[in-house]
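Read off the chains here:
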Amino acid sequence: MTYRELYQSWLDDPYFDEDTKAELRSIEGNEAEIEDRFYRSLEFGTGGLRGVRGAGTNRMNIYTVRQATQGLANYIVAHNGQDKGVAISHDSRILSPEFAREAAKCLNANGIKTYLFESLRPTPELSFAVREFGCIAGIMVTASHNPREYNGYKVYWEDGAQVTPPHDTGIMAEVAKITDFSMVKTMDEDDARSLGLFNVIGSDFDDKFIAQVKAQSIHPEIIPEMAKDMKIVYTPLHGTGNVPVRRVLKDLGFTQVYVEPQQKIPDGSFPTVAYPNPEDPKAWELALKLANEVDADIVLATDPDADRLGVYAKDTKTGKYVSFTGNMSGMLIAEYIFREKQATGTMPENPALVTTIVTTDLAKAIAANYNARCIEVLTGFKYIGEQIKIFEQTGCNNYVFGLEESYGCLAGTYARDKDSIVAVMMLCEVAAFYKKQGKTLWDAMLDLYEKYGYYKEGLATLELKGIDGAAEIQKKMQTFRENPPKELGGFKVLASRDYKTDERVDFVTGEKTSTGLPSSNVLYYELEDNAWCCVRPSGTEPKIKFYFGVKGSSMEDSEAKVAKLKEDMLNI
């Protein structure tokens, strides 16, 4: 059917409720809006669903949620996972509770047991629950850090990580088969409860999760000693982080914790911030105002599903708060964990630090310093979680820490996704450790640069929406493939990696080898003098992303090099 025919079918079919039809009638005459809502079905990608809320096949609504969940249910049944069940959680976004319940009832109608959290919970707790309950899969209803009009859900497999090959493509294939809403099953919640299919996870489960988070602390004895002198400002950005973050900090003995009052209550309309993303400077306005009022040592923000952490810390020389990238805060935690585990004799055999291909190369330097293996995987924390599973299955390495540049990391293996709760705890412990030495987190960061070199990274994005935007993104990727640059930012391009074709080309020798990683639409350029660039389409937003990294002799040197790289990539 054409998009117009689909639009009319939603208006005529009694399957769709009156609220949905009223919304669709309100856009009659707006041909561009009708086309955008119905020109395709909302894509179920390798990580699940994500899109703008609203009526239509290309929107997040109870019908597209049921449709996708039916495909997931068919895949679970094909793997005899009905009795293992599925754990389900949700964040604070509008319609998140409703989407979580609709997913549960669809699974129940297919004979699959579900474990639904009684109220909103962070993503890492969902990951923990999948393994704790022995589930075959998990669903986290969230659009992570996307703008307020979005929602979505992420799918997890029985190892607690987001689905990776072959399960991701297998589930996608099953979802693609659900071409009509008549193929979708659902059932009454009370009937599902009476059959033992619909189960609720209560607050007592939180105790198990928080205990695992606190178990990652290395020097908890330092915290009570420094707590009265260390001030922490925190904002959950209207998301799921408020309760677990405050609890873990209180349990460990931090007493000077100030929560931004206007942003502490969960609210999917995000009334104080249009883009609830710790990477966006505008999201920090209220927290930094509070930090200046109370003279905070560190300022922290978590995104709506509490898997990402952003950080500011005071530079005592200027009196201003300095922003930390995800690379910077992650490396501070990594250095602390590796150094203190080595010092206390608790470093496991064959330790490993796992990062993504677009994460700072400082990770390699830190790993080498502590005789640890540094493993690079594709972008997406699910690939870091997958490495934990591989380590456990083969015994080849022991996971110590993992991070990605987009403000996500994980200490410990209790969860298999990034966890801002443990990141908050570890970073506050690191801050207390250095405060005892008379240093700030910024001082510690400068010490790290002096020790290993001034590694600096950058990110630029181009947003290209709609049908034309999607085509333009693919066109740009094809242009890079067909005409690889010979020089970028004044650096000679030494080699290129095309992860889609699994080919690395050495431009010096002409040798062609495998990238060693799964197929993905990503291009990576190895440059001279420890510099690099990478380009890829976003997996969750209509954007093409450009990443850069350099190693400089000073802060100024590294900043200048990154700026030139960014300029050259965007010009191309």
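Everything numeric here is computed off the predicted structure, so don't read it as measured data. (Residues numbered from 1 in each chain as written. Predicted model: local features only at pLDDT ≥ 70, side-chain atom pairs only at ≥ 80, totals over all residues. Heavy atoms only, no water.)

A.B. asks: Let's hear about the pattern of salt bridges: which residues, and what values?
C.D. replies: Side-chain pairing between opposite charges can occur once the charged atoms of the two side chains come close. Within this structure, the stated rule accounts for 43 salt bridges. Close ionic contact of Glu-102 with Lys-105 constitutes a salt bridge, the shortest N to O distance being 3.7 Å. Here Glu-102 and its partner Lys-105 are both found in helix 5 (residues 96-109), 3 residues apart, which amounts to about one turn of the helix. Given the relative accessible area of 17%, Lys-105 is considered buried. Between Arg-193 and Glu-189 there is a salt bridge, and its shortest N-O distance comes to 2.9 Å. Note that Arg-193 and Glu-189 are positioned in helix 8 (residues 189-194) at a spacing of 4 residues, about one turn of the helix. We classify Arg-193 as partly exposed; its relative accessible area is 36%. Its relative accessible area of 18% is what places Glu-189 among the buried residues. Here the residues in one salt-bridge network are Glu-23, Glu-33, Asp-36, Arg-37 and Arg-59, joined through shared partners. (Salt bridge = Lys/Arg side-chain N within 4 Å of Asp/Glu carboxyl O. Helix = DSSP H or I, 4+ residues; strand = E, 2+ residues; numbered from the N terminus. Buried < 20%, exposed > 50% of the residue type's maximum accessible area, 1.4 Å probe, protein only.)

A.B. asks: Break down helix 12 (residues 285-294) for me, with residues and values.
C.D. replies: Of all the residues in helix 12, the buried ones are Ala-287, Leu-288, Leu-290, Ala-291 and Val-294. One side of helix 12 carries all its buried residues, which in axial view fall inside an arc of 160°. When the buried face of helix 12 is taken as reference, the exposed residues oriented beyond 90 degrees from it are Glu-285, Lys-289, Asn-292 and Glu-293. Once helix 12 ends, the next one or two residues include Asp-295, with phi positive near 60°. (Arc of directions from axis to C-beta.)

A.B. asks: Describe the pairing of strand 3 (residues 114-117), and please don't skip the residues or the numbers.
C.D. replies: Residues Thr-114 and Leu-116 line one face of strand 3 and the alternating positions Tyr-115 and Phe-117 line the opposite face, and both faces are buried. Inspection of the sheet shows strand 2 (residues 86-90) paired to strand 3 by 3 bridges, in the parallel sense. Residue pairing across strands places Ala-87 opposite Tyr-115, the latter belonging to strand 3. Handedness of the crossover joining strand 2 and strand 3 through helix 5 is recorded here as right-handed. (Pairing = 2+ DSSP bridges. Right-handed = clockwise from strand over helix to strand, strands pointing away.)

A.B. asks: Help me get a handle on the sheet that holds strand 4 (residues 137-141), residues and values and all.
C.D. replies: Strand order in the open sheet formed by 6 strands is 1-5-4-2-3-6, with mixed pairing between adjacent strands. Since the sheet does not close on itself, it has two edges, and those belong to strand 1 (48-52) and strand 6 (198-201), each with one partner. Put simply, the sheet's adjacent strands are angled 20° from each other on average, direction ignored. With 4 bridges connecting them, strand 3 and strand 6 associate as parallel partners. Considered in strand 6, the bridge of Phe-117 is made with Ile-201. Helix 5 contacts strand 2, strand 3, strand 4, strand 5 (150-157) and strand 6 of the sheet and is inclined by roughly 165° relative to strand 2. (Axes fitted to C-alpha atoms, helices over the stretch in contact; angles between N-to-C directions. Contact = heavy atoms within 4.5 Å.)

A.B. asks: I'd like a description of the side chain of Asp-419, backed by residues and values.
C.D. replies: One can find Asp-419 in the loop between strand 15 (408-411) and helix 16 (420-435). Within the structure, Asp-419 has its side chain in polar contact with the side chain of Tyr-414 (distance 2.5 Å). Engagement of the side chain of Asp-419 in a polar contact is seen with the backbone nitrogen of Ile-421, the distance being 2.8 Å. Among residues more than four places away in sequence, those in contact with Asp-419 are Pro-124, Phe-209, Val-213, Ala-306, Asp-307, Cys-409, Leu-410 and Tyr-414. (Polar contact = N/O pair within 3.5 Å; in protein donor to acceptor, adjacent residues only side chain to side chain.)

A.B. asks: Break down the nonpolar core for me, citing the residues and quoting the values.
C.D. replies: Core analysis: the largest hydrophobic core is formed by 102 residues, its most contacted members being Leu-300 and Phe-401. Among the elements that take part in this core, helix 16 stands out by supplying 13 residues, more than any other. Leu-300 has contacts with Ile-232, Val-233, Tyr-234, Thr-235, Trp-284, Leu-309, Gly-310, Val-311, Val-424, Leu-427 and Cys-428, leaving out every residue within four places of it along the chain. Residues Leu-72, Leu-116, Ala-137 and Trp-157 belong to the second largest nonpolar core, which totals 33 residues. (Core = buried A, V, L, I, M, F, W, Y, C linked by side-chain atoms within 4.5 Å.)

A.B. asks: Can you tell me about the packing of aromatic side chains, naming the residues and giving the values?
C.D. replies: Centre-to-centre distance and the angle between the planes together describe a pair of aromatic rings. Summed over the entire model, instances satisfying the criterion amount to 27 aromatic pairs. Seen from their ring centres, Phe-128 and Phe-209 are 6.0 Å apart, and the 50° between their planes marks the pair as tilted. Of this pair, Phe-128 sits in helix 6 (residues 123-132) while Phe-209 sits in helix 9 (residues 204-214), placing them 81 residues apart in sequence. Assessed through its relative accessible area of 4%, Phe-128 is described here as buried. Each residue in the set Tyr-7, Trp-10, Tyr-15, Phe-16, Phe-38, Tyr-63 and Phe-181 is aromatic and connected to the rest through ring pairs, giving one cluster. For the cation-ring pair, Arg-497 lies above Tyr-524, with the distance from its terminal atom to the ring centre recorded as 4.0 Å. (Phe/Tyr/Trp six-rings, centres within 6.5 Å; stacked < 30°, edge-to-face > 60°. Lys NZ or Arg CZ within 6 Å of the ring centre and 35° of its normal.)

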